[in-house]
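In case you want the letters, here they are:
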Amino acid sequence: MAFLQSYLPTFVVGERVRAKPPPFSLKTEKYNQDTFAGRFCKMLDLTNPKYLLATHQEVLDASKLLKDYKKSGYVPGVTDEELWAARSLTASALHPDTGELIPRPFRMSGFLVFNAPICVGAVMATSTPAIALVHWMNQTHNALINYSNRNASSPLSNVQLFVSYCTAVGSAVSVAFGLATAIKTRLPPAQAAAALRFVAMPASMVASASNCYMMRKHELASGINVKDAEGNDHGISKAAATKAVQDTVVSRAALSVPVFGFPAVVMTLPPVTAVVARHPRLGLPISFSALMLAFGLGLPAAIAMSPQTGTIPVKSMEPEFQKLSLSELYYNKGL
């Protein structure tokens, strides 16, 4: 499969890069998902913007290749490395529950590319209207990311989607606007200008967590699918939904720390402020570079805080699951 050569991943074990991938499997992961390092490597691959370059047909071809492998356990002329590349490509572009193609701006591989410019605006904004505007843009994009990467086993009506969006984005803008107004009214202009650069982080932490919760809270009421280790469906669980939403909300709040905190700190360092004072045009590229670095590493780190395929002990689930002769079940956490 020649087209897969463009999407061959780097295989990392600890701090060493190995020449050959592990034997391919559809049931096990490329990296150990019981460790943060393993989950980070998986998400670093999944969030790689290179997958945005894949055409719709290439994604379909990669999906077909995996289906062919599933039927016979072998595809003539295709290496393990190419099979891993096909799995990574499909995981980055197709929803794991529905198999539908996720629009590029709302894929995890597109999060950095499409959201970073908005985040730079949030860090650089110093007026209240500008802060409110960029946070509205940021949380609108986040809402669409959260919806596109949700656990799709729980249905969501158009009315619920609209209400969730309005509540999520409304809370985000309110937090940003409130903090900016409070700082401007309580601090002298010089101190306020410096403090406003740090509004983005706490505002985004609260807003992103609220955004994720509001866009997925319907799962708490309806529950999500749970399966055993062999992939057999065992029904719907609200307990699993609660755990999935909690883990995702925490990861969204955590992402704001490096994305908004690191650039704000960099821009207030004396050497940087001195350079920007002499050359104002350097302010934007310096801030953008700091944010891209923080976003590029912070995104996979935040998602890797918990496994994408979550586990839940049967004993902590609803009564109807207690009769199962299983100790734990699995669910798609969503991203």
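Remember, predicted model here, so these are calculated numbers, not experimental data.

### Here's the deal with helix 10 (residues 238–268)
No. 1: The end-to-end C-alpha distance of helix 10 is 45 Å, a good match for the 45 Å that 31 residues give at a rise of 1.5 Å each.
No. 2: Structurally, the start of helix 10 carries an N-cap: the backbone nitrogen of Ala-239 is 3.3 Å from a side-chain oxygen of Ser-237.

### Comments concerning the packing of helix 1 (residues 36–46) against helix 12 (residues 283–303)
No. 1: In contact at an axis separation of 8 Å, helix 1 and helix 12 are set at 125° when each is read in the N-to-C sense. Judged by the inter-axis angle, helix 1 sits oblique to helix 12. For the pair helix 1 and helix 12, the crossing hand works out as right-handed. Here Phe-36, Phe-40, Met-43 and Leu-44 of helix 1 lie close against helix 12, whose contacting residues are Gly-296, Leu-297, Pro-300, Ala-301 and Ile-303.
No. 2: Here the contact of helix 1 with helix 12 is built from residues that sort into eight nonpolar, one polar and no charged.

### Here's the deal with the confidence of the model for the protein
No. 1: The predicted model of the protein averages 82 in pLDDT, with 90% of residues at 70 or higher.
No. 2: Per-element averaging of pLDDT across the protein places strand 1 (residues 12–13) at the bottom with 41 and helix 2 (residues 56–72) at the top with 90.
No. 3: Per-residue pLDDT stays below 50 along residues 10–19; that stretch engages in 15 contacts with residues further than four places along the chain or on separate chains.

### Here's the deal with a nonpolar patch on the surface
No. 1: On the surface, Leu-44, Phe-262, Leu-293 and Leu-297 cluster together into a nonpolar patch covering about 350 Å² of accessible area.
No. 2: Tracing the backbone through its elements, the reader meets Leu-297 in helix 12.

### Remarks on the pattern of salt bridges
Oppositely charged side chains can pair when the atoms bearing their charge come close.
No. 1: Scanning the entire structure with this criterion turns up seven salt bridges.
No. 2: In this structure, Lys-27 and Glu-230 form a salt bridge, with 3.7 Å as the shortest nitrogen-oxygen distance. Taken together, the residues span a long stretch of sequence, with Lys-27 in the loop between strand 2 (16–17) and helix 1 and Glu-230 in the loop between strand 3 (224–227) and strand 4 (233–237) at a distance of 203 residues. You'll find Lys-27 and Glu-230 in the same group, each marked exposed.
No. 3: Through salt bridges with shared partners, one network takes in Glu-29, Lys-42 and Arg-87.

### Examining the packing of helix 10 against helix 12
No. 1: Closest axis-to-axis distance for the helix 10/helix 12 pair is 8 Å, and the angle between their directions is 155°. Relative to helix 12, the element helix 10 lies roughly antiparallel. The interaxial crossing formed by helix 10 with helix 12 has right-handed handedness. The residues of helix 12 that touch helix 10, namely those facing Ser-251, Leu-255, Pro-258, Val-259, Phe-262, Pro-263, Val-266 and Met-267, are Gly-283, Ile-286, Ser-287, Ala-290, Leu-291, Leu-293, Ala-294, Phe-295, Gly-298, Leu-299, Ala-302 and Ile-303.
No. 2: A per-class count over the contact of helix 10 with helix 12 returns 16 nonpolar, four polar and no charged.

### Side note on the environment of Ser-325
No. 1: Structurally, Ser-325 can be placed in the loop between strand 5 (309–313) and strand 6 (328–332).
No. 2: Between the C-alpha atom of Ser-325 and that of Val-314, which follows or precedes it by eleven residues, the distance is 9.2 Å.

Criteria and thresholds
Residues numbered from 1 in each chain as written. Predicted model: local features only at pLDDT ≥ 70, side-chain atom pairs only at ≥ 80, totals over all residues. Heavy atoms only, no water. Helix = DSSP H or I, 4+ residues; strand = E, 2+ residues; numbered from the N terminus. Expected span 1.5 Å × (residues − 1). Polar contact = N/O pair within 3.5 Å; in protein donor to acceptor, adjacent residues only side chain to side chain. Axes fitted to C-alpha atoms, helices over the stretch in contact; angles between N-to-C directions. Parallel < 35°, antiparallel > 145°, perpendicular 65-115°, else oblique. Left-handed = near helix turned anticlockwise from the far one by under 90°. Contact = heavy atoms within 4.5 Å. Nonpolar A, V, L, I, M, F, W, Y, C, P; charged D, E, K, R; others polar. pLDDT = per-residue confidence, 0-100. Patch = residues over 30% accessible without salt bridge, like charges linked within 9 Å, V, L, I, M, F, W, Y side chains within 5 Å. Areas by Shrake-Rupley, 256 points an atom, 1.4 Å probe, with all protein chains shown as cover. Salt bridge = Lys/Arg side-chain N within 4 Å of Asp/Glu carboxyl O. Buried < 20%, exposed > 50% of the residue type's maximum accessible area, 1.4 Å probe, protein only.

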